[in-house]
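# Understanding the architecture of this molecule
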Amino acid sequence: MIPLLEDLSLGMALLLFGGCALVIGVVGTRLTGIVDDLADRTGLGEAIAGAVLLGMATSLSGMVVSVSAALADRPTLAMSNALGGIAVQTLFLTIADITHRRANLEHAAASLGNLMQAGLLLCLLSLVLIGRFAPEWTLWQVHPVTPLLLIGYLFGLRLVDRSRDNPMWRPAQTRETQPDVPDEQAMKRSATRLWLSFVALAAMLGISGWLLERSAAVIADQTGLGQSVVGALMTAVVTSLPELVTSVAAVRRGALTLAVAGIIGGNAFDTLFVAASDIAYRGGSVYHAIPDTVALWVALSMLMTGILLVGMIHRERQGPAHIGFESVGIIACYLAGALVLLLAP
């Protein structure tokens, strides 16, 4: 840790934390339009661009938090940030659902790519649980599940891309369905300028994440909240702000498929936080260095993703309070998890 950040007071740490949150939120908003235009300009489509470009870029700050924490021998903060982020980003999708009043977002953003991304996410989260309960074997301090996470993620992306080119299943089109059609204005923009803007904004997110981890460590130590609470309920929420603002912004732009893909694709990419943390952590297997309260977020994230997947297949037009039943279920799961974490000894 650099000297200027070693002896932060609690007040300065909270100020730095808030500043990073502001930067992450603002940059996340700008990224939506750029990725939406890149999706049209490059021909990637909203589902792939949302999962790969938007998902990876908005996850950079969270990745830096987890890796920095693991390097500093704080595995609980690293894993609670990674796993809590997946849960809170799924929760944020319900907020995007609320902002789309015409119909449930999961109905209007019907996409084979999003369904496959959700299935991929369930597989990757299952691998994390396997690592947690498997024997504590390591090679060069890295657990065997770690390379499997990377291989599974890349293979899953390949399947999603192939299914887009040669789909074997298509969602029924309704009046509320928003098709992924290239925007003519986006096609006129310079691809080089779009890519440069994308890289610059992504770099800002990465730097913010590095500073955020240092302030979070001070907050956890000086308040007595502990790394589990700070990681799952504070850094995870802040580093997930880009997913919230980009999803809401995408809904307002009419890029509904991008809104859902950014969340699900970002969650799939976020499982790689665990793999990166395991490589960075020098105390053995990071999967076995976390308490049960952190492992609970893996199970909760799987349940929330499963509910979301069912909602996307069922495609309810209108549900309770004008949101889908899946949004109600996801909100209940997250609140229950937060309550368990806060009440845990």
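Right, let's walk through the structure included here. (Residues numbered from 1 in each chain as written. Predicted model: local features only at pLDDT ≥ 70, side-chain atom pairs only at ≥ 80, totals over all residues. Heavy atoms only, no water.)

### Topic: the overall build of the protein
- Broken down by element type, the protein carries 14 helices and zero strands.
- Ordered by position in the sequence, the α and β elements of the protein form the string α-α-α-α-α-α-α-α-α-α-α-α-α-α.
- Looking at the 345 residues of the protein, the share that counts as buried comes to 56%.
- Restricting to contacts in the protein with at least 6 residues of sequence separation, those with at least 24 account for 86%.
- As presented, the protein carries roughly 14200 Å² of accessible surface, and 67% of it is formed by carbon and sulfur atoms. (Helix = DSSP H or I, 4+ residues; strand = E, 2+ residues; numbered from the N terminus. Buried < 20%, exposed > 50% of the residue type's maximum accessible area, 1.4 Å probe, protein only. Contact = heavy atoms within 4.5 Å. Areas by Shrake-Rupley, 256 points an atom, 1.4 Å probe, with all protein chains shown as cover.)

### Looking at the side chain of Thr94
- Positionally, Thr94 belongs in helix α4 (residues 75-99).
- In terms of polar contacts, Thr94 uses its side chain to reach the backbone carbonyl oxygen of Leu91, at 2.5 Å.
- Apart from the residues within four sequence positions on either side, Thr94 is in contact with Ser327, Ile330 and Ile331. (Polar contact = N/O pair within 3.5 Å; in protein donor to acceptor, adjacent residues only side chain to side chain.)

### Observations regarding the environment of Gly231
- Its place among the elements puts Gly231 in helix α10 (residues 227-239).
- Measuring from C-alpha to C-alpha, the distance between Gly231 and Glu213 comes to 9.2 Å, with 18 residues separating the pair along the chain.
- Apart from the residues lying within four places of it in its own chain, the contact partners of Gly231 are Leu77, Ser80, Asn81 and Ala236.

### As for the packing of α4 against helix α13 (residues 292-314)
- Running from amino to carboxyl end, α4 crosses α13 at an angle of 20°, the nearest separation of the two axes being 9 Å. Between α4 and α13, the angle is such that the two are roughly parallel. Of the two elements, α4 crosses α13, and the hand of that crossing is left-handed. The segment α4 lies against α13, with Thr76, Met79, Ser80, Leu83, Gly84, Ile86, Ala87, Thr90, Leu91 and Leu93 engaging Val294, Trp297, Val298, Ser301, Met304 and Leu308. (Axes fitted to C-alpha atoms, helices over the stretch in contact; angles between N-to-C directions. Parallel < 35°, antiparallel > 145°, perpendicular 65-115°, else oblique. Left-handed = near helix turned anticlockwise from the far one by under 90°.)

### Looking at the packing of aromatic side chains
- On inspection of all chains with the given rule, the structure shows three aromatic pairs.
- Aromatic side chains Tyr153 and Phe269 sit 6.0 Å apart centroid to centroid with 65° between the ring planes, which places their arrangement in the edge-to-face category. Placement of Tyr153 in helix α7 (residues 145-165) and of Phe269 in helix α12 (residues 256-280) is noted, with a sequence separation of 116 residues between them.
- With a relative accessible area of 1%, Tyr153 lands in the buried category.
- Between Trp297 and Tyr334, the ring centres sit 5.5 Å apart and the planes meet at 55°, which makes this aromatic pair tilted. Note that Trp297 is positioned in helix α13 and Tyr334 in helix α14 (residues 325-343), a separation of 37 residues in sequence.
- The class for Trp297 is buried, based on a relative accessible area of 1%.
- Its relative accessible area of 8% is what places Tyr334 among the buried residues.
- Here a set of aromatic residues connected by ring pairs shows up, and it is made of Tyr153, Phe269 and Phe273. (Phe/Tyr/Trp six-rings, centres within 6.5 Å; stacked < 30°, edge-to-face > 60°.)

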